[in-house]
Amino acid sequence: MLYTTKPAAERRADFRAALSSGTIQRMPGAFNPLSARLIEDKGFEGVYISGAVIAADLGLPDIGLTTLTEVAGRAAAISRMTSLPTLVDADTGFGEPMNVARTVQELENAGVAGLHIEDQVNPKRCGHLDGKAVVGLDTALKRIRAAADARRDPNLLIMARTDVRAVEGLEAAQNRARALVDAGADAIFPEAMASLEEFAAIRAAVDVPILANMTEFGKSDLFSVQDLQDVGVNLVIFPVSLLRIAMGAAERGLDELAASGSLKAEVPGMQTRARLYELIDYEGYNAFDGSVFNFTVPTQFTGPTSSTKE
Ligand SMILES: C[C@](O)(C(=O)O)[C@H](CC(=O)O)C(=O)O
Ligand SMILES: [Mg+2]
């Protein structure tokens, strides 16, 4: 009930340990707080909180229009739903290095295990689109130094994302990754890698954990978790995937409703009422107050609640 009882400090310590375990950490992006619950229930190791998803959810393009308050609110709402570590996308840090310091403290307050700050200029864009621009090395390093100095929990993971690969090439990305680690980055997110060999090159350049971004319709092929682990990647995100899947299903459902006037044909593909209540732990609330769950869920169409569980 009311979800995680594990303090954020413990989730951060867990994340640090997992990243040095040698086993790749799989972090699908939660497109809302409830989907974080699903990610945990299905046995994944962590939850990603995507800036692109927060923006899309607000009906905005992912070009740095969302505010720190919106991102921190969403990060808190998702982080409280899971005992897994959460990693949040802090875009360019929401301003100058001083703003980056405040960003880190607000996101730390939100209970995340880690955050990433990128070296794009503002207005930024999806890292897998053409026409990006990056800030100079000096500004990029200042952002990361400010971030590392601002945290109060030493286990809060400060990840530096570099978008340099698509702008200046792989060698420049390796050099920038090294400099970002020297400036205090605990991990590196090399954006828009073109191949597994490129991930291996970043792996060879730094000795901190590295992330692979398996976003669909982007510049990287969708490598398997095993392939990424084999080239030394420590965590992989599927940032927008669940939103894309859910929106795809919503479109198909609306088409069906418009065409036939009923959603009856869609019901077998829907999450059942019983499964929804299981995920939100309705019964846990009932144990607290017996008057909240004094009904039975109709069995019509409910099916097994955990049919996909092992
Ligand atoms: C990872 C990312 O920063 C995000 O906001 O989720 C995006 C994902 C996307 O737009 O596909 C990115 O810039 O790669
Ligand atoms: Mg982003």
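Residues numbered from 1 in each chain as written. Chains lettered and ligands numbered in written order. Predicted model: local features only at pLDDT ≥ 70, side-chain atom pairs only at ≥ 80, totals over all residues.

### Points about the overall build of the protein
Point 1. Of the regular secondary structure elements, the protein holds 13 helices and 8 strands.
Point 2. At 20 Å, the protein has a C-alpha radius of gyration in line with the 19 Å of a compact globule built from 310 residues.
Point 3. Within the span of the protein, comprising 310 residues, buried residues form 42% of the whole.
Point 4. Relative to all contacts within the protein whose residues are 6 or more apart in sequence, the contacts with residues 24 or more apart total 71%. (Helix = DSSP H or I, 4+ residues; strand = E, 2+ residues; numbered from the N terminus. Rg over C-alpha atoms; globule rule 2.2 N^0.38 Å. Buried ≥ 20, exposed ≤ 12 C-beta atoms within 10 Å, placed from the backbone. Contact = placed C-beta atoms within 7 Å.)

### Topic: helix H4 (residues 68-79)
Point 1. For H4, which comprises 12 residues, the first-to-last C-alpha distance of 16 Å matches the rise-based estimate of 16 Å (1.5 Å per residue) to within 8%.
Point 2. Inspection of H4 places Val71, Ala72, Arg74, Ala75, Ala76, Ile78 and Ser79 among the buried residues, and these make up the whole buried set.
Point 3. Packing partners of the buried residues in H4 comprise helix H2 (33-41), strand E2 (47-49), helix H3 (51-57), strand E3 (86-89) and helix H5 (97-109). (Expected span 1.5 Å × (residues − 1).)

### Focus: the site of ligand 1
Point 1. Neighbouring residues of ligand 1: 13 residues in total, closest Ser50, Ala52, Gly127, Thr215 and Pro239.
Point 2. Residues belonging to the shell around ligand 1 are distributed by class as follows: 4 nonpolar, 7 polar and 2 charged. (Near = placed C-beta within 6 Å. Nonpolar A, V, L, I, M, F, W, Y, C, P; charged D, E, K, R; others polar.)

### Overview of the nonpolar core
Point 1. One finds Ala75, Leu115, Met159 and Ile188 to be the most contacted residues of the largest nonpolar core, which totals 73 residues.
Point 2. Of the residues forming this core, the biggest block, 6 residues, is contributed by helix H6 (residues 137-150).
Point 3. Apart from the residues within four sequence positions on either side, leucine 115 is in contact with Leu87, Val88, Ala90, Val104, Leu107, Ile158 and Met159. (Core = buried A, V, L, I, M, F, W, Y, C linked by C-beta atoms within 7 Å.)

### Digging into the sheet that holds strand E7 (residues 211-213)
The strands making up a sheet associate through hydrogen bonds between their backbones, and the pairing can be parallel or antiparallel.
Point 1. Taken in spatial order, the 3 strands line up as E1-E8-E7 in an open sheet, and their pairing is parallel. Looking at which strands have only one partner, the edges of the open sheet turn out to be strand E1 (25-28) and E7. Ignoring strand direction, the axes of neighbouring strands in this sheet form an average angle of 20 degrees.
Point 2. As paired elements, E1 and strand E8 (residues 235-238) share 4 bridges and run parallel to each other. (Pairing = 2+ DSSP bridges. Axes fitted to C-alpha atoms, helices over the stretch in contact; angles between N-to-C directions.)

### Concerning the packing of H4 against H5
Point 1. Interhelical geometry of H4 versus H5 gives an angle of 25 degrees and a closest axis separation of 8 Å. Classed by the angle they form, the pair H4 and H5 counts as roughly parallel. The interaxial crossing formed by H4 with H5 has right-handed handedness. Across the interface between the two elements, Leu68, Ala72 and Ala75 from H4 touch Thr103, Glu106 and Leu107 from H5. (Parallel < 35°, antiparallel > 145°, perpendicular 65-115°, else oblique. Left-handed = near helix turned anticlockwise from the far one by under 90°.)

### Focus: helix H8 (residues 170-182)
Point 1. Between its first and last C-alpha, H8 extends 19 Å over 13 residues, near the 18 Å set by a 1.5 Å rise per residue.
Point 2. For H8, the full list of buried residues reads Ala173, Gln174, Arg176, Ala177 and Leu180.
Point 3. Of the surrounding elements, those touching the buried residues of H8 are H6, strand E5 (157-162), helix H7 (164-168), strand E6 (187-190) and helix H9 (196-205).

### Observations concerning the packing of H5 against H6
Point 1. One can describe the packing of H5 onto H6 by two numbers: an axis separation of 8 Å at closest approach and a directional angle of 40 degrees. Read as a crossing pair, H5 and H6 show a hand that is right-handed. Seen from H5, the contacting residues are Pro97, Met98, Val100, Ala101, Val104 and Gln105; seen from H6, they are Lys142, Arg143, Ala146, Ala147, Asp149 and Ala150.
Point 2. Grouping the constituent residues of the contact of H5 with H6 by class yields 8 nonpolar, 1 polar and 3 charged.

### Some words on the pairing of E5
Looking along a regular strand, one sees side chains alternate from face to face of the sheet.
Point 1. When you tally the buried positions in E5, you get 6 out of 6 residues, the bulk of the element.
Point 2. Covered by surrounding structure in E5 are Leu157, Met159 and Arg161 together with Ile158, Ala160 and Thr162, the residues of both alternating faces.
Point 3. Traced from strand E4 (residues 114-118) through H6 to E5, the parallel crossover comes out right-handed. (Right-handed = clockwise from strand over helix to strand, strands pointing away.)

### As for the sheet that holds E3
Point 1. Pairing in this open sheet of 5 strands is parallel, and the strands run E2-E3-E4-E5-E6 from one edge to the other. Sheet topology places E2 and E6 at the edges, where each strand pairs with a single neighbour. Taking the axes of each pair of neighbouring strands and ignoring which way they run, one obtains an average angle of 25 degrees across the sheet.

### A closer look at unusual backbone geometry
Point 1. The omega angle of the peptide bond from asparagine 122 to proline 123 is -5 degrees, so this bond is cis rather than trans.
Point 2. By the secondary structure assignment, proline 123 is in the loop between E4 and H6.
Point 3. Despite not being glycine, aspartate 91 has its phi angle at roughly 50 degrees, a positive value.
Point 4. Mapped onto the fold, aspartate 91 is located in the loop between E3 and H5.
Point 5. Given 26 C-beta atoms within a 10 Å radius, aspartate 91 is considered buried.
Point 6. Here the phi dihedral of phenylalanine 217 falls at roughly 60 degrees; this positive angle occurs in a residue that is not glycine.
Point 7. Tracing the backbone through its elements, the reader meets phenylalanine 217 in the loop between E7 and helix H10 (225-230).

### Overview of the confidence of the model for the protein
Low-confidence regions, as indicated by low pLDDT, have predicted coordinates that should not be scrutinised in detail.
Point 1. Averaged over all residues, the pLDDT of the protein is 93; the fraction at 70 or higher stands at 95%.
Point 2. Here the predicted complex carries an ipTM of 0.99, next to a pTM of 0.94. (pLDDT = per-residue confidence, 0-100.)

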